[in-house]
Structures are given as structure tokens and as C-alpha cells.
Amino acid sequence: MTDSGLKLEPDGSQLRLVVSKQMENTCQSLQHADIESLLEASEFYSYCRLDDAIQDALDYYNHSASETESTAFIIAERKDVALEMSISDDCMFAYVTLTGAYGGERLTAQGLIATLKQQRIVRGVSKKRLQYLLQKSWELEPGETFTLKIAAGRPAVAGTDTRFEPLVPDASQRILAPQDSDHGKVDMRDLGKLITVEIGQPLMRRIPPTSGEPGYDIHGNVVHAVAGKAIAFEVGIGTRISESDSNVLLADKEGMPRHGQTGMAVDDLLTVENVDVSTGHIDFNGAVLVLGDISSGMKVNAVGNITVTGVVELADLHAGGDITIANGVIGRIQDGKPAYCHLKAQGKVSAKFAQYTQIESGADTELHLHLAHCVVTAQGAVKVIDPVQRHGTVTGGIISAEKGVCTRILGAEAGIETQLKLLSQFDDLRTDIDTLKAEIKNQEERLHQVVLLQMKLSKVPKQKRSHELAEKVAESKVQFMSTLAEMKSQHLSLQQSYQQQLAAAQVEVRGLIYPGVSVRIADKEFAAEREMAACRIQLEQHKIVCQPLSAT
């Protein structure tokens, strides 16, 4: 059709379409494409279309009874580039979203800076990103959007908690990696001297906490760092804090050192050749050093460490400290059923190998060669690998570890069922976090009510205001704020513990995984259905994932 009945007239930032119905055009209908073609051929092609108005113009032309009158419709408008700024809830990031101009002005440096000032964004602004944003505003098609982060605060760096550095090695370091004698052999009978300490000998150094480093948000506000926790020495039996340095723990008597997380103890040492029917069971209020083997059916209880230079066979060992066995721990099959050797330590358990053994450790469980058909419960990690990572096999049994499992070979070619369980206490921690979060929200609501009451009282004339009530409200506000701060600190601590446990709960296999292996992390489970090369198994986004490692 002809466009003699259509005319475009600019009106400021708007564009009018003047529609005139003429006799010679009454038999022709007007289509949307006709108006679009008219716009595209004009200097107003990049204006923003107003579809509803265009439809009104079409309806008027095609259905109106009038044939001579002219009517104008505003069908498009000129728009400058649109800038929308968004700020993260914690005021640490600022983002700009541009919408391409419809025939209008592009972004200017002055306009961008004015917007930053209006939003009070004064720190962490990237000049390079601002320049890129200005350039991008000229490249955008009309209506095209583009988002860019243009400012970022600096998060505070949390301080480190008090750390404790042992100054003497534990028995496992002496036994499982002993120093050669002059004759090229290790004399285990001299072990008693190697693993004992003298009066006044430094045992542990305490490294004070750090205060952390403050950060800032994009508004220039200081983001205060969470200081590390100050943790006192646990001064165990036979130890004392140095008079000249309060960060050093000394031995107060001769004996065997027992390592703890935040301190140490020195136990009296009982040394025996072997533990068998000739010695009977041993129950000692200190540490026990066995220079030979512990025979089947024997029991050894010690308040401190138990150290064995030989083999433990079908025996029961209970230690208030660590259990260290130079060679192996042996249970066996009797009458078709497992006959387990039992080891229980409040500290860690270390040995070269273990088979058909029940192990409970309050810290790590470490073996150098293999762990076969055992039931292990460790509050720390389970590590079955030698220092040079050439040996280490976990075959069969059930392994529960709160801080992960590391080995070279997991499972066996025969497809022996081998179960690994991690994060058994994860649900309890998550529940504690959610419960505390709900309590914080409730406390914030109560504080809000107190603040509203205080504001309401401030509007009452002083002569009519109850001084006693105002003081009570102010005290309540301080108390609520103090409690809320304490709850938030506790919540942060739980969150950090949650993340630490999540990061630690992984299975790292440096060699091969065989079919028959199952790994359960929290409530998620993975089963190896085929032979797999070196990998790390962990929980991510509520799913168990396997990431390949380079085989060693």
C-alpha cells in the first residue's frame, strides 16, 4: 500500500504518527509491517517502539468509519542509555546494568560519576571497568543489556586462633621412622631414652592469636575483622609453664610426653619386655613401653601412651594418650568368624599394618602398609599410606572418619566390600546452625521492638516522659545488642566449623579404586562400579563428585 496517509512528526523525545484516511485508500488495510517499514526508512529507526500505540493506529486506520479526519498517535520515543545500579546486601559489591540507547545519548563519564556519588560508592571502584563501561554504552544495540561489576570492597581477614607447636616428637615419629644406629640398625631397647624427656625440657610453644585485618565496603565503612580466639595452655600432669616465657610449656619431671591439642603431659613410664601370660595384664597410671610383643588374649590399660616395638596379636589395648605399634596388629578368622584385636586411644593410633582389628581413635589413625578387614572409628583422619606414597592399601571393613581418608589403593581386585563413612555428625551441626539462625532472627525482632519503643519515648516531652521507663528500655537495648553480638559470633564459629568439616571430609586415593567400594558422605552415597584411577571424592553442592588426581 502507499504511505500517503501516514506521516511521522517528532515532538521532543516522542514520535507521532499522523494517520489520514483518504478515499483512494479505503479499500486497503494497514499492516504492522507498513508502519515498521516507514520507521526503518526514517531517521527515527532506532527509537523505542510503543506497540500498544501502534496497534491503536492500525485499528483506527482499518476499522474507523472516518475517511477525512487525521489523528496522531505517539508510536515511539527517544531514550538515552539507561543505567541501573545494584548493590549487594553486604555492601561489598556494586554492579551497573546498561540498557542500550534508543536514539538517545550514550553514557558519559560525568553521568556515571554522578551516579556513583548518589549511591555513596567511594571505595574499591575500578577505573578500568568504568572506562570499559563507557565504551560499551556506544556498542550496545537499542534495548540490549550489559551488566558489569564496577566496585568491590575488601573483606576483613579473620585472625588466627592460638596455635600450639610441639617441641618434642611423639612416639610414632620415633618408632615408625627411627634413626639408624652406628651399625646401620635400630636398637629398640634404647627406645626408652629416645621417647622420654628430662625436667625443664621445653615441650610445647604457644603461638598467640592474631587480631586479623579489617576490610572496607564500597561505602567506605570499616568491616571489622573477627579476632582469633585466645586459648590457654592445658597444663597436664608433669608439666608447668615457663617462668621466663608464658608461651612455653616445660616438663616438670622425667617421663614420656603425651601430646594433646592445647597442651601436654608427662607420664611415668613402665617398661616391660613382652606382655604375655608370664606378666599378666597391665593396668598402669602412666605410659607403657613394650619392648617386644603383646600376645593373644592380653590386656594393656594405660593413662598415658602405649608404645609397642613388636606385634600385637588378638589383644585389647586402651590408652588415655596415643597407641603406637612398630610392626603390626593382627586379628584373624576363627570358626569362620572374625576374631578382632581391639585398640582404643583418646589420641591417635599408629602402626605399620592392621588386619581384623577394631580401632577407636580420638584423633588420626595412621598406617603405612595396609588396613585389612578392620572396623575403624576416627575423630580425625584415617591415613593408610607410607611417607614416600609407594604403599598403602585399604581392603574390606568399615572405616568411619570425621576428617577424611587418604590411601594409595582402595578396595581389591576381587571386589571385596569396603565401606567408608564420613561426616556422620554433619546433620547435627547443620541443625545447630539452623536453630541458632532462627534464634538470631527472633532476637533481632525483639531488639527492633525495643528500638521502636525507644523512638516512641523520645517523641514524648521530657516532663511527661517516665525516666525510669526510658532507663529500662535503654538497658534492655544494650542487653539485647550484647546477646545478639554473642549469638552472631557463635553462629560465625559454627559456620566456620561447618566449612572446615566439609572441606576435610574427602577421600583421596593416590593409586586405584576397585569395584566394591562405597563412600558415604553425610547422607549422600557413591559406589564404585568399575576400576577408577587416582581421584578425590568429596561433597559439592549436595552431590558427591569425583575429581581425578595425577597418579603417583
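Numbering of residues begins from 1 in every chain and follows the order in which that chain's sequence is written. Given that the model is predicted, a residue must reach a pLDDT of at least 70 before its local features are reported, and side-chain atom pairs must reach 80 or more before they are shown or counted; all residues, however, enter totals for whole chains, interfaces and linings. Just so you know, side-chain values use all the structure's heavy atoms and leave hydrogens and water out.

### A short note on the nonpolar core
Think of a nonpolar core as a cluster: buried Ala, Val, Leu, Ile, Met, Phe, Trp, Tyr and Cys residues, connected wherever their side-chain atoms sit within 4.5 Å. Exposure classes here rest on a 1.4 Å probe applied to the protein chains alone. A residue is buried below 20% of its type maximum, exposed above 50%, and partly exposed in between. The biggest cluster of nonpolar side chains holds 55 residues, and the ones touching the most others in it are I294, L317 and L371. For helices the rule is a DSSP run of H or I covering at least 4 residues; for strands it is a run of E covering at least 2, with both sets numbered from the N terminus onward. Of the residues forming this core, the biggest block, 4 residues, is contributed by strand β40 (residues 532–540). Should any heavy atoms of two residues lie within 4.5 Å, those residues are considered in contact. Excluding its chain neighbours within four sequence positions, the residues that come into contact with I294 are V275, V300, V308, V311, V312, E313, A315 and L317.

### Let's talk about the sheet that holds strand β27 (residues 341–345)
Strand pairing in a sheet relies on backbone hydrogen bonds, with the paired strands running either antiparallel or parallel. Two strands make a pair as long as DSSP finds a minimum of two bridges between them. Pairing is mixed across the open sheet formed by 10 strands, whose spatial order is β18-β20-β23-β27-β29-β31-β34-β36-β38-β39. Across the chains shown, the open sheet's two edge strands, defined by having one partner strand only, are β18 (282–284) and β39 (524–527). Direction aside, neighbouring strands of the sheet carry axes that sit 5 degrees apart on average. Two strands pair when backbone bridges link them, and strand β36 (residues 418–422) and strand β38 (residues 517–521) are joined in this way by 5 bridges, in the parallel orientation. Bridging across to β38, L422 finds its partner in I521. Each axis is a line fitted through C-alpha atoms, and for a helix only the stretch in contact is used; angles between axes span 0 to 180 degrees, taken between their N-to-C directions.

### With respect to helix α2 (residues 51–63)
By this rule, a helix spans an expected 1.5 Å times one less than how many residues it contains. A rise of 1.5 Å per residue sets the reference length of α2, with its 13 residues, at 18 Å; its end C-alpha atoms lie 18 Å apart and thus fit the reference within 8%. Within the span of α2, buried status applies to A53, I54, A57, L58, Y60 and Y61. Taken end-on, α2 shows its buried residues confined to a sector of 165 degrees, consistent with a single buried face. With respect to the buried face of α2, the exposed residues turned more than 90 degrees away are D51, D52 and H63. Where α2 is buried, its residues contact β2 (14–20), α1 (32–40), β3 (48–49) and β4 (70–77). It is the directions from the helix axis to the C-beta atoms that the arc portrays.

### Considerations on the packing of aromatic side chains
We call Phe, Tyr and Trp rings a pair once their centres come within 6.5 Å, taking the six-membered ring for Trp, and we label the pair stacked below 30 degrees between planes, edge-to-face above 60, and tilted otherwise. Applying the stated criterion across every chain yields a total of 2 aromatic pairs. Ring centres 5.9 Å apart and planes at 65 degrees place the aromatic pair Y132 and F146 in the edge-to-face group. Of this pair, Y132 sits in helix α4 (residues 127–139) while F146 sits in strand β7 (residues 145–152); the two residues are 14 residues apart in sequence, bridging distant segments of the chain. For the pair F164 and F233, a centre-to-centre distance of 5.5 Å together with 55 degrees between the ring planes defines the contact as tilted. Placement of F164 in strand β8 (residues 163–166) and of F233 in the loop between β11 (222–223) and β12 (234–235) is noted, with a sequence separation of 69 residues between them. Residue F164 shares its accessibility class with F233, and that shared class is buried. Distance and angle both matter: a charge sits over a ring if NZ of Lys or CZ of Arg is within 6 Å of the ring centre and within 35 degrees of the ring normal. Cation over ring: R123 sits above Y216, and NZ or CZ is 3.7 Å from the ring centre.

By themselves, these are just geometric observations and shouldn't be taken as functional.
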